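Residues per chain are reported as follows:
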Amino acid sequence: MSEFTPPTAEQVFALKVSAGIAELAQHERFSMATSDMVEAIVEGIGGFAAGEWAPLNRSGDTQGARLVDGKVSLPDGFAEAYRAYVEGGWNTIAGPAEFGGQGLPYSLACCALENLGAANLAFSLMPMLTIGAVEALDLHGTETQKKLYLSKLVSGEWSGTMNLTEPQAGSDVGALRTSATPIVDGPDAGKYRISGTKIFITWGEHELSENIVHLVLARTPDAPAGSRGISLFVVPKYLVGPDGVPGKRNDLKAVSLEHKMGIHASPTCVMSYGDEGECVGELVGRDNEGLRAMFTMMNQARINVGAQGIAIAERATQRASRFAIERVQSARAGSSDKTPVAIIEHPDVRRMLLRMRALTEGARALLYYGCGQIDRGKLGDQEAQARADLLVPLIKAWGTDIGCEVASLGIQIHGGMGFIEETGAAQHLRDARIAPIYEGTNGIQAADFVGRKLAMDSGGVLAALMDEIAREADDVMTLWKLSHDCKEISQWMVTEASIDDRLCGSAAFLTMCAVAVAGWQLLRQARAAGDEGIPAGIARTKPVVARYFLEHVVPEAAGLKAAATDGAGLFYALGAEDLVG
């Protein structure tokens, strides 16, 4: 019941149809992403995740990470499994070739993280952040910083973190107080002394990698107030010499670990910098432009968090499906044969299982389509990059909402046994529940979507997307109507709605748009399922799964139109004290 089977055929199919990876391989930059290479990587990372990381998922949850004498102790087997990950080269898939990476499409790296997350979500957070650190330093670091850090981060020998949140600031990054004071003389002249406290730092301290490269947001003296005065610094656990060799330990430490609802094996640290006044960091990019550099890492993290929702949905669906086949209870309603049957034969269980599968495959289709647009953006396609930017909040918010819903349905299928920890179904929901919160809550994603993203080309980027969906769905009335509703609402939000109106309808509108794109991609997949050479299992199941999504999930999303356009009046009809009773 605890085994994980990588959905290799489904992932390869989604990469081909939704990411368009064969088209990407026609470009010189991604020419190594041949069909054989793609299939080998997807199959290989799936086998590794199932064989090395999945067996540690339950023990990691029960043992958890512990802080003892300033060091983080991890569950049994994690060190060996991480070493195997690095030695297998799995961290290098999309890394820049000049620093030891394979330079393959980001779509493939995201597929790898999906498999790792399905196998062991808490463990997968470590490489997820490292890959983001590579992206940030590659785009914004100096040539010296790249030379010192990137090869080790690309390989996974060193890990990376992202340090934003502080106790008093929460999601308001502009309220941070961590300081960075220039060092004017001595061997560290030109660098900065970092001082402050950061909370919720994922994998902030551990012994699995040889060094930890912290990317820390802080303020320099006389910096402007708010987010305009934030700078980004690279602050290694062990100071790195000119030869790239780690030396003495920097003045930083984990002072505590958070006691969390889930992802117990992931050490979520309270980090203290500069207790002795000797924490040394280097500026990344320009002074006061730290958020710009950090958002490179954060945007990738948001996509990968959306992938976590899909990963958990996949794992929960597999567990529930196996239980439904094995659990025998009650005769089929209306049957003359009163012999008890496997619960998968009961209509309501069928309903839940089909919904779990459709939501999971729909979210994966949205994810891989978005990744394909990111890869095209890297090739210089500005329209694809704009569309990718538009899709990021959809992937993160809807993908993680789906993870929670599917994990909850998995518990429901287990019945009372699902509420018992030993079955493992409850862990999926506990692990999944953080994903709608971190890397910007889903409310922040929705606000970003109706604010900055909808404003791109005065709504033209979203309008072009919905027009394309409508053209391809002209024979699927549910999807055609939803795409038109989304375009109509976007025009209202851009031209008429107040800021409060947009924000109060933002969550509903984001869901509508995410479902429209996911439904469109599933429709494409269903049409491609009959092509020559498609695996028989996909040819049989994809049209049915897509039909359920288009006939059930899409109309549900269309029903959110009233919520998206009702405005803010109702939400402020009661004063704060009356609202809370």
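Sequence order sets the numbering: in each chain, residues are counted from 1 along the sequence as written. Per-residue local features are limited, in this predicted model, to residues with pLDDT of at least 70; the limit for side-chain atom pairs, both in listing and counting, is 80 or more; totals at the level of whole chains, interfaces and linings are taken over all residues. To get the side-chain values, take all heavy atoms of the structure and skip hydrogens and water.

(A) Local environment of the state of the cysteines. The criterion for a disulfide is a pair of cysteine sulfur atoms lying within 2.5 Å. All told, the structure shown has zero disulfides when counted by the stated rule. Cys404 forms no disulfide, and the closest cysteine sulfur to it belongs to Cys110, at a distance of 18 Å. Exposed residues in this analysis have more than 50% of their type's maximum accessible area, buried residues have under 20%, and partly exposed residues fall in between, with area computed by a 1.4 Å probe over protein chains only. Cys404 gets classed as buried once you look at its relative accessible area, which sits at 14%.

(B) Representation of the pattern of salt bridges in the model. One side-chain nitrogen of Lys or Arg within 4 Å of one carboxyl oxygen of Asp or Glu is enough to make a salt bridge. Using the criterion set out here, one finds 35 salt bridges in the structure. The closest approach of N and O atoms between Lys152 and Glu157, which form a salt bridge, is 3.3 Å. The closest approach of N and O atoms between Asp448 and Arg452, which form a salt bridge, is 2.9 Å. Residue Asp448 and its partner Arg452 are both found in helix H13 (residues 442–453); the two are separated by four residues, about one turn of the helix. Note on Asp448: relative accessible area 7%, which makes it buried. Through salt bridges with shared partners, a single network forms among Glu10, Glu114, Glu314, Arg357, Glu361, Arg364 and Lys542. Comment: elements are numbered from the N terminus, with helices defined as DSSP H or I runs of at least four residues and strands as E runs of at least two.

(C) A look at the packing of aromatic side chains. Note on aromatic pairs: the rings of Phe, Tyr and Trp (six-membered ring only in Trp) are paired at centre separations within 6.5 Å, and the planes decide the class, stacked below 30 degrees, edge-to-face beyond 60, tilted for the rest. Enumeration according to the criterion identifies 14 aromatic pairs in this entry. Between Phe48 and Tyr85 the ring centres are 6.3 Å apart and the planes differ by 40°, which places this aromatic pair in the tilted class. Here Phe48 is found in helix H3 (residues 35–53), whereas its partner Tyr85 is found in helix H5 (residues 78–87), with 37 residues between them in sequence. Through a chain of ring-to-ring contacts, three or more aromatic side chains come together here, namely Phe48, Trp53, Phe78, Tyr82, Tyr85, Trp90, Phe123 and Trp203.

(D) Region of interest: empty space enclosed by the protein. Put simply, the grid is 1 Å and covers the protein atoms alone, a cavity is a trapped set of points that fit a 1.4 Å probe, a pocket is an open set with protein on both sides within 12 Å along at least five of seven lines, and lining residues have an atom within 4 Å of a point. Grid points are joined across faces, edges and corners, and a volume is the space filled by probe spheres set on the points. As enumerated under the stated definition, the model contains three cavities of 30 Å³ or more in all. Taken as a whole, the largest cavity holds about 50 Å³ of empty space. In terms of lining, the largest cavity is formed by Leu113, Glu114, Gly117, Ser124, Met128, Asn304, Ala307, Gln308 and Ala311. Those elements giving two or more residues to the lining of the largest cavity turn out to be helix H6 (106–119), helix H7 (121–140) and helix H9 (290–326). If you tally residues by element for the lining of the largest cavity, the top one is H9, at four residues. Side-chain classes are defined by residue name, with Ala, Val, Leu, Ile, Met, Phe, Trp, Tyr, Cys and Pro counting as nonpolar, Asp, Glu, Lys and Arg as charged, and the others, Gly among them, as polar. Residue classes in the lining of the largest cavity are distributed as four nonpolar, four polar and one charged.

(E) Focus on helix H1 (residues 8–19). Counting buried residues in H1 gives nine out of twelve residues, a clear majority hidden from the surface. Where H1 is concerned, the buried positions are Thr8, Glu10, Gln11, Val12, Phe13, Ala14, Leu15, Ser18 and Ala19. We call two residues in contact when some of their heavy atoms are within 4.5 Å. Lining the buried residues of H1 we find helix H2 (21–24), H3, H6, helix H10 (347–378), helix H16 (499–528) and helix H17 (536–558). Two residues or fewer after H1 comes Gly20, characterised by a positive phi angle close to 65°.

(F) Helix H12 (residues 425–432), seen in detail. Burial of H12 is extensive: seven of the eight residues sit out of reach of the surface. Buried within H12 we find Ala425, Ala426, Gln427, His428, Arg430, Asp431 and Ala432. Close packing links the buried residues of H12 with helix H4 (57–63), H7, H9 and helix H11 (382–414).

(G) Looking closely at unusual backbone geometry. Even without glycine at this site, Phe200 takes up a positive phi of about 60°. Structurally, the position occupied by Phe200 is in strand S5 (residues 192–202).

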